[in-house]
Structures are given as C-alpha cells and as structure tokens.
Amino acid sequence: MKINGQAYRTIWLAQDGWRVCVIDQTRLPFRFETLTLGSTGQAAEAIRSMVVRGAPLIGATAAYGVALAMREDPSDAGLEAALALLGATRPTAVNLHWALSRMRARLIGLKARSRAQAAYAEAALLCDEDVALCRAIGEHGLTVISGIAARKPAGEPINILTHCNAGWLATVDWGTALAPIYMAHDAGIPVHVWVDETRPRNQGAALTAYELGGHGVPHTVISDNAGGHLMQHGQVDMVIVGTDRTTATGDVANKIGTYLKALAAHDNGVPFYVALPSPTIDWSLRDGLREIPIEERSSREVTHLSGLSETGEVEQVRVVAPGSNAANPAFDVTPARLVTGLITERGIAPASSEGLAKLFPDLAGAA
Ligand SMILES: CSC[C@H]1O[C@H](OP(=O)(O)O)[C@H](O)[C@@H]1O
C-alpha cells in the first residue's frame, strides 16, 4: 500500500541483499520508522515485541528469520535452533508454525552450503504468495460488499465494523479484512468503517485508522463497547475481521473482543465475516475453544497506554489504579455458529468442516 504516495510492503530486503527491513508498528501512527533486522534473534524479537504483528506478517518475518539463520549457521543444528527460537515467539497465529514448517521442508534435504540462498528465495516466494492470496481475498470479499450495496439506496454508505488491525500492516500487502474494503472504495462503492479502537494495544485506533486514513477511506474510531449499540440501531451493515488461527471446523481465534462483536452481530442479524488466507487454517484442530493456544501478554499493556503528548512526544501513561492487578488474554475464540462466512483466496466458505473441505479438498484431505 502507499504511505505518502510511496508504495510499501511491510517487509523487504535491504540494499545489501541479506538484511531484512520492516516497519516498526509499535511507533505508528505518530512515527513512521523502519527497522533493519540482521540476525535471527532480531527477527524473533521483532515478532515477540510486535514490531511486526498480524498472522501473515508474523509468518513472513519468521521465514526471513530462518534465512538470516542460514547465513549465520546453515548446519542441521543451526536450522533446528532457529526454528525453535522463532517458533517460541508467539503461540496463537498458526501462520508462524506454517511458515517455519514450510522453511524446514524446503531446507532440510539441502546441503548446508545451499541453504542460505534457498531460504531467501523461499521467504521471498512466501511473501509474493501472501500478496496474491490477500488480493484474492479482497476480490471475493468485494462481492459481499457489492451485494449489500445493491440492497441499499444508491449513494448511501455501507457501514462496516472491523476489530483490531487486519489490514495491509498485518500482512505483506493488501491485508485480509481490509482488502475488500480497499477494493470497494477504489471501485467507487461508498463505504464507511467503524474502527474498534481495540484495547489494550489499540491496534484499531493506531493501525487501522492510520491505514484507512492513508487510503482516504471514510472511517470513525469507536470504543470497543460501542459496536453493540451501533448494531442495535441499524448502523452496521456487516462486520468483517481477520483471524490468527481458524480450525478445520470454522472456529475463529482473533484479537480479544472479537467474540463479543460476533455475539452482538448474531443478536442483531448483522452478517459477521472472517477474512483469511489458507495458511491461517489449522487443519489439525476441530475445537477452537479447547485447542487454540491463547497468548497471555504483559499486564503492562492493560495498565499503560501509549500516546502523543501535548508537546508532540510519544509517551506512556498509567491508566489503572496503582497496585491493581491486570490480566491480558490477547485473543479469544468465536465459535463457527456465529460466523456468517469465511472469505478466503478461493472464495467464500460457510464456517464448517464441509464448507472448508469443499473449497480446500487438497488441504483438508492432507491433514
Ligand atoms: C491478518 S491477521 C490480523 C490479526 O492479527 C492481530 O493480532 P496481533 O496484532 O496481536 O498479531 C489481530 O488478531 C488481527 O485480527
């Protein structure tokens, strides 16, 4: 996507051809800064600290983390150590483990001297594929928005609610949940986005709002608790969110608070869609609530907020009573029964094992 007229992906090779550049998303929206990763450890820390985040981008960064490792130590031991280090960074997004498994399969049978070049090529291919998958999600999701537009008076905006950030900043480009919105906007369909601020890290207020503003998409940031009220008053035509791991039966793990939005949507007859590329499907799982690992992050993300001071400095302030404990489960699981449809690169599937197996017989059958 473009930032101030310049096209960016979220991850790219440095001029030296081996270090890896990423946008430091912890600094957005007030500072646009990039980081250059020169080691597996730096790649792992970028994932852990959420310099890079979003399931597909986590996978892409891990893939390049393996490539950096193969420059350092292309032995079997070096490969396994890199996979273990990167695999331990964050537990919920299955794209991380999918990417690491793909890199291992590509490299394990090669001679050590061939591994670095092959790893960089595979990481680059994985990134290019992600762009194509997300573009296709946008095209399929556009049919949903167009269908809603056809049922509304001409010119009236389609009001879409989204949670957290599942835009191009969460992927290599295009995004998942936001890809259909970008395509609808670019096609001249009037869309307006209700942007959940998404406590505690405020990825909606900081990243989704930044993205939509940069693309000229009309949007309004709302508190996480406002969505149900807007749905009750007919101000939401559809909800679309991303996911970090979706089971073979259509249960959806996504940023904390997604489940509550799905409940409100179900109660108000608002269609609730989840946009995802197939690497985000965990074909080995059938019960998301019991089987998907939910990341517990630092309580400091709840007790403190980061923002721009009156003097233009980015500062952190405490927003919780001193001495109070805080809990910070980073994701929740929305059961398939609350999901209207799964928007994938191959089309829109009902949130069910039959629906997913029909779209992905090759993947469902291989599990
Ligand atoms: C396209 S994946 C987006 C997904 O990832 C976010 O989690 P995090 O920012 O913690 O990596 C959030 O759940 C988004 O929906």
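Just so we're clear, the structure is a prediction, and the values are computed from it rather than from any experiment.

Draft legend 1. View of the pattern of salt bridges. Following the criterion strictly, the structure yields 19 salt bridges and no others. Here arginine 90 makes a salt bridge to glutamate 295, at a shortest N to O gap of 2.9 Å. Here the residue arginine 90 occupies a position in the loop between helix H3 (76–87) and helix H4 (94–107), and glutamate 295 occupies one in the loop between helix H10 (288–291) and helix H11 (300–303), the gap between them amounting to 205 residues. For the pair shown, arginine 90 and glutamate 295 are each scored as buried.

Draft legend 2. Up close: empty space enclosed by the protein. Throughout the structure, instances matching the rule amount to two cavities of 30 Å³ or more. Roughly 190 Å³ of internal volume is contained in the largest cavity. Lining the largest cavity are 20 residues; nearest its centre among them are Arg53, Gly54, Ala55, Asn165 and Asp244. Listing elements by their share of the lining of the largest cavity, those giving two or more residues are helix H2 (55–72) and strand E11 (252–255). The biggest single contributor to the lining of the largest cavity is H2, with three residues. By residue class, the composition of the lining of the largest cavity is eight nonpolar, eight polar and four charged. Counting the residues that make up the lining of the largest cavity, at least three belong to each of domain 1 (2–129) and domain 2 (136–364). Lining the second largest cavity, in full, are Pro200, Arg201, Gln203, Lys255, Ile256, Arg297, Glu301, Asn328 and Ala330.

Draft legend 3. The arrangement of the confidence of the model for the protein in detail. Scored by pLDDT, the protein comes out at a mean of 97, with 100% of its residues at no less than 70. Both confidence scores are given for the complex: pTM 0.97, ipTM 0.99.

Draft legend 4. Inspection of the site of the ligand at higher detail. In the region of the ligand, 18 residues are neighbours, and Arg90, Gln203, Asp244, Asn254 and Lys255 sit closest. Within the side chain of glutamine 203, an N or O atom sits 2.6 Å from an oxygen atom of the ligand. Residue aspartate 244 places a side-chain N or O atom 2.6 Å away from an oxygen atom belonging to the ligand. Out of a free accessible area of 400 Å², the ligand has 100% covered by protein chains. Structurally, the ligand is housed in the largest cavity. Looking at the shell around the ligand, the elements that each hand over two or more residues are H2 and E11.

Draft legend 5. Highlighting the pairing of strand E8 (residues 219–222). Where strand E7 (residues 191–196) meets E8, four bridges bridge the pair, whose relative direction is parallel. By the bridge assignment, valine 195 is partnered in E8 with valine 221. With helix H7 (residues 203–215) bridging E7 and the parallel E8, this β-α-β connection has right-handed handedness.

Draft legend 6. Representation of the UniProt feature "binding site: substrate" (unreviewed entry) in the protein. Under the present numbering, the feature "binding site: substrate" (unreviewed entry) in UniProt falls on Arg53, Gly54, Ala55, Arg90, Gln203, Asn254 and Lys255. Of the residues annotated just before, the largest cavity has Arg53, Gly54, Ala55, Arg90, Gln203, Asn254 and Lys255 among its lining. Of note, glutamine 203 is situated in helix H7. Take glutamine 203: its relative accessible area is 5%, and that puts it in the buried class.

Draft legend 7. Molecular detail of the sheet that holds strand E10 (residues 245–247). The strand order across the open sheet formed by four strands is E13-E10-E11-E16, and the pairing between neighbours is mixed. Two strands lie at the open edges of the sheet, namely strand E13 (281–282) and strand E16 (331–334), each paired on one side alone. The strands touched by helix H9 (residues 258–267) are E11 and E16; relative to E16, the strand with the most contacts, the crossing angle is about 30 degrees.

Draft legend 8. Quick peek at the nonpolar core. If you look at the biggest cluster of nonpolar residues, it comprises 77 residues, and the most contacted ones within it are Ile11, Val66, Ile181, Val191 and Ile240. In terms of residue count, helix H5 (residues 112–150) provides more of this core than any other element does, 13 residues in total. When residues of this core are assigned to domains, at least three fall in each of domain 1 (2–129) and domain 2 (136–364). Every residue in contact with isoleucine 11, bar those within four places of it in the chain, is listed here: Val20, Cys21, Val22, Leu57, Ala60, Thr61, Tyr64, Cys127 and Val172. Counting residues in each nonpolar core, the second largest holds 27 residues, with Ala248, Phe272, Ile281 and Leu338 among its members.

Draft legend 9. A look at the layout of surface pockets. Considered as a void within the structure, the largest pocket measures approximately 530 Å³ in volume. Lining the largest pocket we find 23 residues, and of these Thr26, Arg201, Asn202, Ser306 and Gln316 sit closest to its centre. Among the elements that line the lining of the largest pocket, the one with the most residues is H7, at four residues. In the lining of the largest pocket, the residues fall into ten nonpolar, eight polar and five charged. Two domains each donate at least three residues to the lining of the largest pocket, and these are domain 1 (2–129) and domain 2 (136–364). Roughly 390 Å³ of internal volume is contained in the second largest pocket. What lines the second largest pocket is a set of 22 residues, among which Trp98, Ser278, Pro279, Trp283 and Leu363 lie closest to the centre.

About the cut-offs
Residues numbered from 1 in each chain as written. Predicted model: local features only at pLDDT ≥ 70, side-chain atom pairs only at ≥ 80, totals over all residues. Heavy atoms only, no water. Salt bridge = Lys/Arg side-chain N within 4 Å of Asp/Glu carboxyl O. Helix = DSSP H or I, 4+ residues; strand = E, 2+ residues; numbered from the N terminus. Buried < 20%, exposed > 50% of the residue type's maximum accessible area, 1.4 Å probe, protein only. 1 Å grid on protein atoms, 1.4 Å probe; cavity = no way out; pocket = protein on both sides within 12 Å on 5 of 7 lines; lining within 4 Å. Points joined across faces, edges and corners; volume = space filled by probe spheres on them. Nonpolar A, V, L, I, M, F, W, Y, C, P; charged D, E, K, R; others polar. Domains from an automatic or database assignment. pLDDT = per-residue confidence, 0-100. Near = heavy atom within 4 Å. Polar contact = N/O pair within 3.5 Å; in protein donor to acceptor, adjacent residues only side chain to side chain. Areas by Shrake-Rupley, 256 points an atom, 1.4 Å probe, with all protein chains shown as cover. Sits in = over half its atoms within 2 Å of the grid points. Pairing = 2+ DSSP bridges. Right-handed = clockwise from strand over helix to strand, strands pointing away. UniProt positions renumbered as here; feature names shortened; annotations may be inferred. Contact = heavy atoms within 4.5 Å. Axes fitted to C-alpha atoms, helices over the stretch in contact; angles between N-to-C directions. Core = buried A, V, L, I, M, F, W, Y, C linked by side-chain atoms within 4.5 Å.

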